[in-house]
Structures are given as C-alpha cells and as structure tokens.
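Survey of secondary and tertiary structure
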Amino acid sequence: MSTTATRPARATRPKVPATAKAAKPGKAAATARATLTISSKNYSSWSLRGWLLARFAGLDFDEVVVPPDDAAARRELLLLAPSILVPCLTHEGAKSWNVMAIAYYLDEIRPDAGLLPPGRAARAHCRSICGEMNSGFANLRSSLPMNLKARHKGHKVWAGALPDIERITEIWRECLAAYGGPYLFGAKRTMADAMFAPVATRFVTYDVKLDPASAGYCRTVMAMAEMQEWVKAAKAEPEEIDELDMDF
Ligand SMILES: N[C@@H](CCC(=O)N[C@@H](CS)C(=O)NCC(=O)O)C(=O)O
C-alpha cells in the first residue's frame, strides 16, 4: 500500500481531508462532512465494524483509507485518533476512535436508526455481547485473521480458538432463539450485527464447521447489501500482507 486515499460515499479526495487536521472542535468542524478513517477492507475487521455501524446508522460520510504501512499517513492518523488505531469517526467537531465509542456516538446522533434494540433488557443484552466482542476472543482473532480474499478449505482450527468459537456461537444461538432472527436482535440490524460480522467472514474464510443456526446467521450477514459492497471493494484491493496471507 502506498497512498492515503478517500473513497466513496462521494468523490475521491487527496490525502486526509481538512477535517482531519481540525483537531479542536469549532464552527468549521461542526459543519464539515463526517469522515470515517479505516484501513484495508480485506484485512481490517475493526474497520469493517465501524463502517457497518455508520452505514446502519444512515450516516452520510467520506471514507479516509490509511494504509497500515505508510508512516506519513499514520502520523496524520495520530491527529485524529490518539490510539493510532482505526476506525475513527469525525462528525461535527466530535471524534470517536474506538468501535464501541463510535457505536454509542452513532446511537446518540441517530436514535431512530435502531443501533440498539427496543426494550431495556434487550438493550442490556445487546451492549453486553458487543462488549464481549470488543474486548475478548483474542485467540480467535489471532489464529483466524480476517482475510476476505482467502479461502482455506478444511482448515484445522487451533484448539486454543475453539472455546472462543463455542462462546460466539452460543451468543448467536441464544439471540436467534430469544429474538426470532434473522439478525441477532430480530428483524432489524443492531450494533451487535456489525460487531459480529467480521467473525462470520472468518468462519467462511476458514471453513469453520458450525451448527445450523450459526451457519444460517453467517449466511444472513454475508448476504447483507452492505457486506456485499464491502467484500467487493476488499477483493479489488491490490495490497497483500504476507503475514496474514500465509498458508495454514
Ligand atoms: N478495539 C479497537 C481496536 C482497533 C484496532 O485494533 N484497529 C486495528 C485495525 S484492524 C489497527 O488500527 N491497527 C493498527 C494498524 O493497523 O497499524 C477499536 O475498537 O477500535
């Protein structure tokens, strides 16, 4: 990867847009278009989560793509996200640089989008499983990295990741049974579907054998129009990261 680029929703822009440099909230920042800073669509599962959240919320935003191996671009990212991690959302003078912070911010500015389900108990459940995904499942993440271009038929999953897979599919089965599917909290997508979407892609990439309910949920996630748009863009990316493209 060699350049920093802005991608749709609208026209391509060079480098990080002016809003990225407006570190202090002010009038100019308050009127600027929202930006979502992300990295590779093929490899960055956190970028996918942030992007799905913004799309589910119906936010009109520009994408700013920061290549992981471009030092200058990463210095610019520091102006947006003190963690130097993506995704990072800037909107009307506010910056959010953690995926859960982005989820709650979007829920605050777009309360009618349904990022949290209706009902106090369901919302508590939704926030809890999103928190589990945000802070847990390290073995799954490290041994089955997101790679939308790859397919590993018959992949033997490392034993250390099996408890993560068991817990995630237990979460899915419980939600699908309690709220009736096809999404985790019923007929409408919530922040939970954005949080778990990259896991569904890993199960497809690494040919993970699943119970029927979990396999059905993976199909539902992969069939979403937004997912298909993201996967198409990921497949068109020229970059390859050797460490993540190794043969297992
Ligand atoms: N839990 C963090 C994780 C963010 C994260 O780890 N992002 C990765 C990309 S998938 C990153 O920016 N890594 C540093 C890099 O790409 O250089 C969040 O919620 O935003």
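Shown above is the structure to which this text applies.
Criteria and cut-off values
Residues numbered from 1 in each chain as written. Predicted model: local features only at pLDDT ≥ 70, side-chain atom pairs only at ≥ 80, totals over all residues. Helix = DSSP H or I, 4+ residues; strand = E, 2+ residues; numbered from the N terminus. Buried ≥ 20, exposed ≤ 12 C-beta atoms within 10 Å, placed from the backbone. Contact = placed C-beta atoms within 7 Å. Near = placed C-beta within 6 Å. Nonpolar A, V, L, I, M, F, W, Y, C, P; charged D, E, K, R; others polar. Core = buried A, V, L, I, M, F, W, Y, C linked by C-beta atoms within 7 Å. Domains from an automatic or database assignment. Arc of directions from axis to C-beta. Pairing = 2+ DSSP bridges. Right-handed = clockwise from strand over helix to strand, strands pointing away. Axes fitted to C-alpha atoms, helices over the stretch in contact; angles between N-to-C directions. Parallel < 35°, antiparallel > 145°, perpendicular 65-115°, else oblique. Left-handed = near helix turned anticlockwise from the far one by under 90°.

1. Considering the overall build of the protein
Looking only at helices and strands, one finds 11 helices and 5 strands in the protein. Relative to its full complement of 248 residues, the protein shows a buried share of 40%. Looking at the protein alone, contacts between residues at least 24 apart form 70% of all its contacts between residues at least 6 apart.

2. Quick look at the site of the ligand
Near the ligand the following residues occur: Ser-39, Ser-44, Ser-45, Trp-46, Ser-47, Pro-68, Leu-85, Val-86, Asn-98, Val-99 and Asn-134. The element best represented in the shell around the ligand is helix 3 (residues 45-56), accounting for 3 residues. Residues of the shell around the ligand, tallied by class, amount to 5 nonpolar, 6 polar and no charged.

3. What to know about the nonpolar core
The biggest cluster of nonpolar side chains holds 61 residues, and the ones touching the most others in it are Leu-53, Met-191 and Ala-192. At 9 residues, the largest contribution of residues to this core is made by helix 9 (residues 191-205). Inspection of this core shows a minimum of three residues originating in each of domain 1 (5-113) and domain 2 (120-240). Residues within four places of Leu-53 in sequence aside, it is in contact with Ile-102, Ala-103, Leu-106, Leu-115, Met-191 and Ala-194.

4. Side note on helix 5 (residues 99-109)
Those residues of helix 5 that fall on the buried side of the exposure criterion are Val-99, Ile-102, Ala-103, Tyr-105 and Leu-106. Looking down the long axis of helix 5, one finds its buried residues gathered within 170° of arc, a one-sided arrangement. Buried-residue contacts for helix 5 involve helix 3, strand 4 (88-91), strand 5 (94-96), helix 6 (120-135) and helix 9.

5. Quick notes on the pairing of strand 4
Of the two faces of strand 4, both are covered, the one formed by Cys-88 and Thr-90 as well as the one formed by Leu-89 and His-91. Note: strand 2 (residues 34-38) against strand 4, 3 bridges, orientation antiparallel. Its bridge partner lying in strand 4, Thr-37 is registered against Cys-88. Between strand 4 and the antiparallel strand that follows it, strand 5, lie 2 residues; Glu-92 among them carries a positive phi value of about 45°.

6. Some thoughts on the pairing of strand 3 (residues 61-65)
Taken across its 5 residues, strand 3 has 4 buried, putting it largely inside the fold. Looking at chain direction, strand 2 and strand 3 are connected through 5 bridges and run parallel. Looking across to strand 3, one finds that Thr-35 is bridged to Asp-62. Between strand 2 and its parallel partner strand 3, the chain crosses via helix 3, and the hand of that crossover is right-handed.

7. A word on the environment of Ser-96
Tracing the chain through its elements places Ser-96 in strand 5. In the structure, Ser-96 is positioned 10 residues away from Val-86 in sequence and 10.0 Å away in space, judged by C-alpha atoms. Apart from residues no more than four positions distant in its own chain, Ser-96 is found in contact with Cys-88, Leu-89, Ala-101, Ile-102 and Tyr-105.

8. Details of the packing of helix 6 against helix 9
Following both chains from N to C, one finds helix 6 and helix 9 inclined at 25°, their axes separated by 9 Å at the closest point. In terms of orientation, helix 6 lies roughly parallel with respect to helix 9. Every pair of crossing elements has a handedness; the one defined by helix 6 and helix 9 is left-handed. Each of Cys-126, Ile-129, Cys-130, Met-133 and Asn-134 in helix 6 lies in contact with helix 9, whose residues at this interface are Met-191, Ala-192, Met-195 and Phe-196. Partitioning the contact of helix 6 with helix 9 into residue classes produces 8 nonpolar, 1 polar and no charged.

9. Overview of the packing of helix 9 against helix 10 (residues 212-223)
In the contact formed by helix 9 and helix 10, the axes pass within 9 Å of each other and the chain directions differ by 110°. Considering the angle they form, helix 9 stands roughly perpendicular to helix 10. For the pair formed by helix 9 and helix 10, the contact residues are Asp-193, Ala-197, Ala-200, Phe-203 and Val-204 on the first element and Cys-218, Val-221 and Met-222 on the second. Taken together, the residues of the contact of helix 9 with helix 10 sort by class into 7 nonpolar, no polar and 1 charged.

10. Some points on unusual backbone geometry
Here Val-86 and Pro-87 are connected by a cis peptide whose omega angle stands at 5°. Each neighbour pair has its own omega, and for Gly-181 with Pro-182 the value is 5°, a cis peptide bond. Mapped onto the elements, Pro-182 comes out in the loop between helix 8 (162-179) and helix 9. Of note, Ile-84 is a non-glycine position whose phi angle comes to about 55°, a positive value. With respect to the helices, strands and loops of the structure, Ile-84 is situated in the loop between helix 4 (71-80) and strand 4. Positioned with a positive phi, Glu-92 is a non-glycine residue whose angle comes to about 45°. On the secondary structure map, Glu-92 appears in the loop between strand 4 and strand 5.

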